[in-house]
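# Structure at a glance
Now for the letters of each chain:
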Amino acid sequence: CSPLYNKVHPGDRLLSINGKRIADVLDYKYYSYDSRLTLEVESAGGKTARIRVRKEEGQDLGLEFETYLMDRARSCANKCLFCFIDQLPKGMRESLYFKDDDARLSFLTGNYITLTNLSERELDRIISLRISPINVSVHATDPELRVRLLGNPRAARGYEIMKRLSDGGITMNCQIVCCPGINDGKALNRTMEDLAALYPQVASVSVVPVGLTKYREGLPSLLPFDRETAAETIWQVNEFGEKCLEKYGSRIFYCADELYLKAGLPIPGDDYYEDWPQLENGVGMLRLLETEFMEELEQASPGSGSGRPFSIATGVAAAPFIQKLLMTAGEKCNKIQGKVYAVVNDFFGHSIDVAGLVTGGDLIAQLRGRDLGERLLIPLTMLRHGEGVFLDDVTLEDAERELGVPVCPVPQDGARLLRAMLE
């Protein structure tokens, strides 16, 4: 039960905590941590009251606000060469077109920010409150190149701001969206050298390939990664990472799984990923999936499984990897009867081959009438977080009705994937 039960009411406005003005959710979470608090609250009628509260240290006050941030989310002011939102087709739901670049969402939900709309007040607040970690979209540290990539003159100050954050003891996890011929090669070496110089405050950096849809009319011309350029970038990042490992005890820099798949190279082993700092950026997800899968398979008996046929749908990139897991499981558990289907991305274009961007429409169009067995397994990442809806607003129920089988979303967890196969 909240310590403020029956002391505050819907429509009240929180003004301050222990004399500190509350501007947004970061202020609220930071200043409400102590066990003894004095809140200044304004009622819906305009009366101000002071409320004293005792609670356990770290216990949440339990207040809910009109908006999650107690404020509007700050939109992006950049015009990035590679912005994925600019490459969306028209007619999708409105929320998909909103570009956020809000430092508060970086702390609270792990979003990546470019630092271009970070005010001096907010920068000082982050450092004074020592709020960590912050996730930064770097892309390049050379000021002129960063301005070109982000399409914003303020992008030139990116590395300068990062040095201030580093000096203030703020931990940063970074990403580089790599565009062949623009910020790879020598430019990527400079970026890695600059970021490594901020270790340990720059704790990890992911290098991810640019994603290009077929909806790029009027946008700058960009090259996709191919097998050769992906392999070259992996070699470059890993060579630099080995030097960092020797010098700092951490490789710091990691390539996304997608680059390994494009290059046709094996995903590195568990030790490569240290403490898995960039999982949310698709770095090591397949390695962890296989590790969890194999550990679960060790516990399974040869007679495991229901013998009921099933199918798995995934993106083109991961399909061979999932097929290998299925075959490995089948060698031990001979009752497993499954098929893997690679769904080609007709919606965004064939250069988009990851499972998380497969739409319900493509799933239905390509699997309708196929032998799906008694159920279809799909990665949970195909659906909007917490909702049974694909990116194109096709629902899970729509897919089940059109395909004639239950569609079962499976979380990114190797053990749960094996269990789903065996059910």
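Scope of this entry: the structure provided in the associated data block. Throughout this description, residue numbers start from 1 for each chain and increase along the sequence as written. Given that this is a predicted model, residues contribute local features only at a pLDDT of at least 70 and side-chain atom pairs are listed and counted only at 80 or more, while totals for whole chains, interfaces and linings are drawn from all residues. Derived side-chain values reflect all non-hydrogen atoms in the structure, with water molecules and hydrogen atoms excluded from consideration.

This part covers the nonpolar core. By size, the foremost hydrophobic cluster in this structure holds 82 residues, and its most contacted members are Met 162 and Phe 253. Numbering of helices and strands starts at the N terminus; helices are DSSP runs of H or I of at least 4 residues and strands are runs of E of at least 2. A per-element tally of this core places helix α10 (residues 319-332) first, with 6 residues. Any pair of residues with heavy atoms lying within 4.5 Å of one another is described as a contacting pair. Phe 253 has contacts with Met 192, Leu 195, Ala 196, Val 205, Val 237, Phe 240, Cys 244 and Tyr 272, leaving out every residue within four places of it along the chain. Counting residues in each nonpolar core, the second largest holds 19 residues, with Leu 363, Leu 367, Ala 399 and Leu 403 among its members. The definition of a nonpolar core used throughout is a set of buried Ala, Val, Leu, Ile, Met, Phe, Trp, Tyr and Cys residues joined through side-chain atoms within 4.5 Å. Buried residues are those whose accessible area, probed at 1.4 Å on protein chains only, stays under 20% of the maximum for their type, while exposed residues exceed 50% and partly exposed ones sit between those limits.

Another aspect to go through is the pattern of salt bridges. The salt bridge definition used is simple: a Lys or Arg side-chain nitrogen within 4 Å of an Asp or Glu carboxyl oxygen. What the rule picks out here adds up to 20 salt bridges. Here Arg 157 and Glu 120 are joined by a salt bridge, their closest N and O atoms 3.7 Å apart. Remark: Glu 120 occurs in helix α3 (residues 120-129) and Arg 157 occurs in the loop between α4 (143-150) and α5 (158-167); sequence separation between them is 37 residues. The exposure class assigned to Arg 157 is partly exposed, which follows from its relative accessible area of 28%.

The next thing to look at is the sheet that holds strand β10 (residues 338-343). Read from one edge to the other, the open sheet built from 4 strands follows the order β10-β9-β11-β12, with strand pairing classed as parallel. Edge positions in the sheet fall to β10 and β12 (407-410), since each of these pairs with one other strand and no more. Neighbour to neighbour, the strand axes of the sheet diverge by 30° on average, direction disregarded. By definition, two strands form a pair when at least two bridges between them are found by DSSP. Inspection of the sheet shows strand β11 (residues 376-379) paired to β12 by 4 bridges, in the parallel sense. Bridging across to β12, Ile 378 finds its partner in Pro 409. Between the N-to-C directions of two axes lies an angle of 0 to 180 degrees, each axis being a line fitted to C-alpha atoms and, for a helix, fitted only over the stretch in contact. Contacts between helix α11 (residues 360-367) and the sheet are confined to β9 (310-315), β10 and β11, with β10 contributing the most and set at about 125° to the helix. Relative to β12, helix α12 (residues 396-403) is tilted by about 135°, and along the sheet it contacts β11 and β12.

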